[in-house]
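So you can see what is in the structure, the chains are spelled out below.
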Amino acid sequence: MKNFIDEYKQDKSQYEQYIYNHFLQLIDLESSEEIIERFRILFINGSGYPDTEVAKALERIIALLQVEEEFNFILNRCCHIVINRKRPYNYKKDVLLDLIKLFDSIKNKTVHRYYGSRSSKKLFDLVKAFTTSEQYFTLKRFAELINQETRSYRNTHSALAQPLRTLIPRYPYLYQHCLITSDNSYEHQQAIKKMQRQNQKKFEINLSHYVTHQIRHRRITTSTFTESSWKNTNKIQNPTLLSDRELLSAIRQFVGKVENGYNYQDYAKSFLTHARQPQSYRCFKESFYEYLSSSFDADSRYIKYQFKDKLYKQLKNTMPHNDDQQFNDFLLMRTCNQMLGFLVVESIQKPQHFLFLNLMANMGPIATTSLLLKIVLVCYRVKPYLEKRLAILFNHYEASTREAVRWLVKALENIQVALSTNFGRTDLSFIH
């Protein structure tokens, strides 16, 4: 049995590589229009491809498939070969956008008239299934990123009717979780990371320039820096989708002195100094609860009578078998990670996020973001886990209009500001 499986893998991989090599050679010889036409004939028409050996290799792959999802990886790899090859930026952009149009054109079609053989019918079904795969959704998000320079993000009526997916360029902290799949090439992963660094840096610079300009223009000092004095002069655009008032409040919260004369970074350091004194894990969870709940609005009935109790019980029931052990950094990371799962969303397999919705509705985006920020500042290593969980929500709602998920847009914008001001190179501490 093992020999059969090994032989199957070897035969199939040979045919796959033959097709990959075919496109690798063509990419240096043909225009983007010619490449798209080849994709249409080979994968959409299913017949009439000029290179019969390539067509036969595809037929053999289809015949050898044991799991249909395998085809998604093959077709996705072909797409990325023509996108990521070292060609001018406009070439990559044209190929990607035309590929999306090509595949979208068949999503609602029944069997094409060109499909006559059983193999052709199966190919059509496989390609159509690809348009509902995570690989294809990732391609579409990447298309939004690469096409960002022509996109308007302001809260106009037409913009609000656009799907949430169109906002992916705004959130660099989501890129690695929304734009990369397990079968992506090293080159593609590096390209995404480069875009992430560039767009994050651009946002931080724009945010710093905007805030500095507002302060200089109105001759605001720290003693008179109030919401009423926060006016938009239309000279430097607000780099967020928050209103000027919302952005001011967010920055003041995330970098100002909000916890007994401390900002969140200093408060986290103070808490860690205390937590690292010899103590049991049970005692740490008690103090961690006090740390997290110290900034809650005591007048909120939801906080007072529901959430604080849920938070306390969640911490109490977190890894109870370790309660008598001495607290350490490993337990800190596990606890913080589990708290993020509790507060935001646990996983793709368990995408329920009722608590996060309730927090946004009852505490608001700034207070909810502050709670998440306090956790990440205590343990920097869980920052990628927070980003991954937010990516799960983004992907879950990506087809919804921005208008329909305003609450999530508010959350994503506030988190972008919080992470940028606490983990980036933007120093806005003078605001407080």
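Look above for the structure.
Residues numbered from 1 in each chain as written. Predicted model: local features only at pLDDT ≥ 70, side-chain atom pairs only at ≥ 80, totals over all residues. Heavy atoms only, no water.

Enquirer: Honestly, the overall build of the protein chain in this entry has me stumped. Any pointers?
Expert: Secondary structure summary: the protein chain contains 19 helices and zero strands in total. Counting the 432 residues in the protein chain, one finds 51% classified as buried. The long-range fraction of contacts in the protein chain, counting pairs at least 24 apart against all pairs at least 6 apart in sequence, stands at 73%. (Helix = DSSP H or I, 4+ residues; strand = E, 2+ residues; numbered from the N terminus. Buried < 20%, exposed > 50% of the residue type's maximum accessible area, 1.4 Å probe, protein only. Contact = heavy atoms within 4.5 Å.)

Enquirer: Can you help me understand the environment of His 22 in this one?
Expert: Position of His 22 among the secondary structure elements: in helix α1 (residues 2-26). Given a relative accessible area of 8%, His 22 falls into the buried group. Filtering out sequence-adjacent residues up to four positions away, His 22 remains in contact with Arg 38, Tyr 49, Asp 51 and Val 54.

Enquirer: Just to check I follow, could you spell out empty space enclosed by the protein for this structure?
Expert: Over the atoms, a rolling probe the size of a water molecule traces out where space has been left empty. As enumerated under the stated definition, the model contains one cavity of 30 Å³ or more in all. If you trace the largest cavity, you find it lined by Thr 369, Leu 372, Leu 373, Leu 386, Ile 415, Ala 418 and Leu 419. Elements with a contribution of two residues or more to the lining of the largest cavity: α17 (365-378) and α19 (406-423). Within the lining of the largest cavity, the residues separate by chemical class into six nonpolar, one polar and no charged. (1 Å grid on protein atoms, 1.4 Å probe; cavity = no way out; pocket = protein on both sides within 12 Å on 5 of 7 lines; lining within 4 Å. Points joined across faces, edges and corners; volume = space filled by probe spheres on them. Nonpolar A, V, L, I, M, F, W, Y, C, P; charged D, E, K, R; others polar.)

Enquirer: I'm lost on the environment of Ser 119 in this one. Help?
Expert: The topology assignment puts Ser 119 in helix α6 (residues 118-130). Relative accessible area serves as the criterion here: at 28%, Ser 119 is assigned to the partly exposed category. With 56 residues separating them along the chain, Ser 119 and Ala 63 place their C-alpha atoms 7.6 Å apart. Not counting chain neighbours up to four residues away, the residues in contact with Ser 119 comprise Glu 59 and Ile 62.

Enquirer: Please clarify how the nonpolar core should be interpreted in this entry.
Expert: Generally speaking, nonpolar side chains in soluble globular proteins are found buried as a group. Ranked by size, the top nonpolar core spans 131 residues in total, and within it Phe 23, Phe 39 and Phe 307 carry the most contacts. Aside from chain neighbours lying at most four places away, what touches Phe 307 is Phe 296, Tyr 302, Phe 342, Leu 343, Leu 355, Leu 359 and Leu 371. (Core = buried A, V, L, I, M, F, W, Y, C linked by side-chain atoms within 4.5 Å.)

Enquirer: Quick question: what am I supposed to make of helix α2 (residues 32-45) here?
Expert: Side chains of residues three or four places apart in an α-helix project in the same direction, reflecting 3.6 residues per turn. For α2, with 14 residues, the first-to-last C-alpha span of 18 Å sits near the 20 Å given by 1.5 Å per residue. Buried residues dominate α2, accounting for 10 of its 14 residues. Those residues of α2 that sit buried are Ser 32, Ile 35, Ile 36, Arg 38, Phe 39, Ile 41, Leu 42, Phe 43, Ile 44 and Asn 45. Taken from the residues just after α2, Gly 46 is the one with a positive phi, measuring 80 degrees. (Expected span 1.5 Å × (residues − 1).)

Enquirer: Could you clarify how one ought to interpret unusual backbone geometry in this entry?
Expert: In terms of backbone geometry, most residues other than glycine have negative phi values and most peptide bonds are trans. Here the phi dihedral of Met 319 falls at roughly 45 degrees; this positive angle occurs in a residue that is not glycine. If you trace the backbone, Met 319 turns up in the loop between α14 (301-316) and α15 (329-343).

Enquirer: Any chance you could explain the packing of aromatic side chains here in plain terms?
Expert: Think of a pair of aromatic rings as described by two things: how far the centres are apart, and how the planes are tilted against each other in angle. Scanning the entire structure with this criterion turns up 20 aromatic pairs. Ring centres of Tyr 281 and Phe 284 lie 6.3 Å apart, and the angle between their planes is 20 degrees; this geometry places the pair in the stacked category. Of the two residues, Tyr 281 and Phe 284 are both situated in helix α13 (residues 281-293); the distance of three residues between them amounts to about one turn of the helix. Residues Tyr 281 and Phe 284 agree in their burial class; the two are buried. Stacked on the ring of Tyr 20, the Lys or Arg Arg 77 has its end atom at 5.9 Å from the ring centre. (Phe/Tyr/Trp six-rings, centres within 6.5 Å; stacked < 30°, edge-to-face > 60°. Lys NZ or Arg CZ within 6 Å of the ring centre and 35° of its normal.)

Enquirer: So what exactly am I meant to see when it comes to the layout of surface pockets here?
Expert: Reported here for the second largest pocket is a volume of approximately 420 Å³. Taken together, 16 residues line the second largest pocket, and the ones lying closest to its centre are Gln 196, Arg 197, Gln 200, Lys 201 and Glu 204. Of all the elements, helix α10 (residues 186-218) adds the most residues to the lining of the second largest pocket, at six residues.

Enquirer: Is there a simple way to explain the packing of α17 against α19 in this structure?
Expert: To characterise two packed helices, one gives the angle between the axes of the helices and the distance between these axes. The contact between α17 and α19 brings their axes to 9 Å, and the two run at 40 degrees. Relative to α19, the element α17 lies oblique. Handedness of the α17/α19 crossing: right-handed. Between α17 and α19, the residues in contact are Pro 365, Ile 366, Thr 369, Leu 372, Leu 373, Val 376 and Leu 377 and Lys 410, Ala 411, Asn 414, Ile 415, Ala 418, Asn 422 and Phe 423, respectively. (Axes fitted to C-alpha atoms, helices over the stretch in contact; angles between N-to-C directions. Parallel < 35°, antiparallel > 145°, perpendicular 65-115°, else oblique. Left-handed = near helix turned anticlockwise from the far one by under 90°.)

Enquirer: I tried to follow the pattern of salt bridges on my own but got confused; where do I start?
Expert: Side chains that carry opposite charge are capable of pairing whenever their charged atoms lie near each other. Under the counting rule described, the total for this entry stands at 17 salt bridges. One salt bridge in this structure joins Glu 398 and Arg 165, with 3.3 Å as the shortest N-O distance. Linking Glu 398 in the loop between α18 (383-397) and α19 with Arg 165 in the loop between α8 (157-160) and α9 (175-178), this pair joins segments that are 233 residues apart in sequence. The exposure class assigned to Glu 398 is buried, which follows from its relative accessible area of 5%. Between Lys 285 and Asp 323 there is a salt bridge whose closest N-O contact spans 2.8 Å. Pair noted here: Lys 285 is in helix α13 and Asp 323 is in the loop between α14 and α15, with a separation of 38 residues, a long-range link. Lys 285 sits in the buried class, given a relative accessible area of 5%. (Salt bridge = Lys/Arg side-chain N within 4 Å of Asp/Glu carboxyl O.)

Enquirer: Please explain the packing of α13 against α15 as it appears in this structure.
Expert: Contact pair α13 / α15: the axes reach a minimum separation of 12 Å and the direction vectors enclose 45 degrees. Between α13 and α15, the angle is such that the two are oblique. Judged by the sense of rotation from one axis to the other, the crossing of α13 with α15 is right-handed. Residue-level contacts link Tyr 281, Phe 284, Phe 288 and Leu 292 of α13 to Leu 331, Leu 332, Thr 335, Cys 336 and Met 339 of α15. Residue classes in the contact of α13 with α15 are distributed as eight nonpolar, one polar and no charged.

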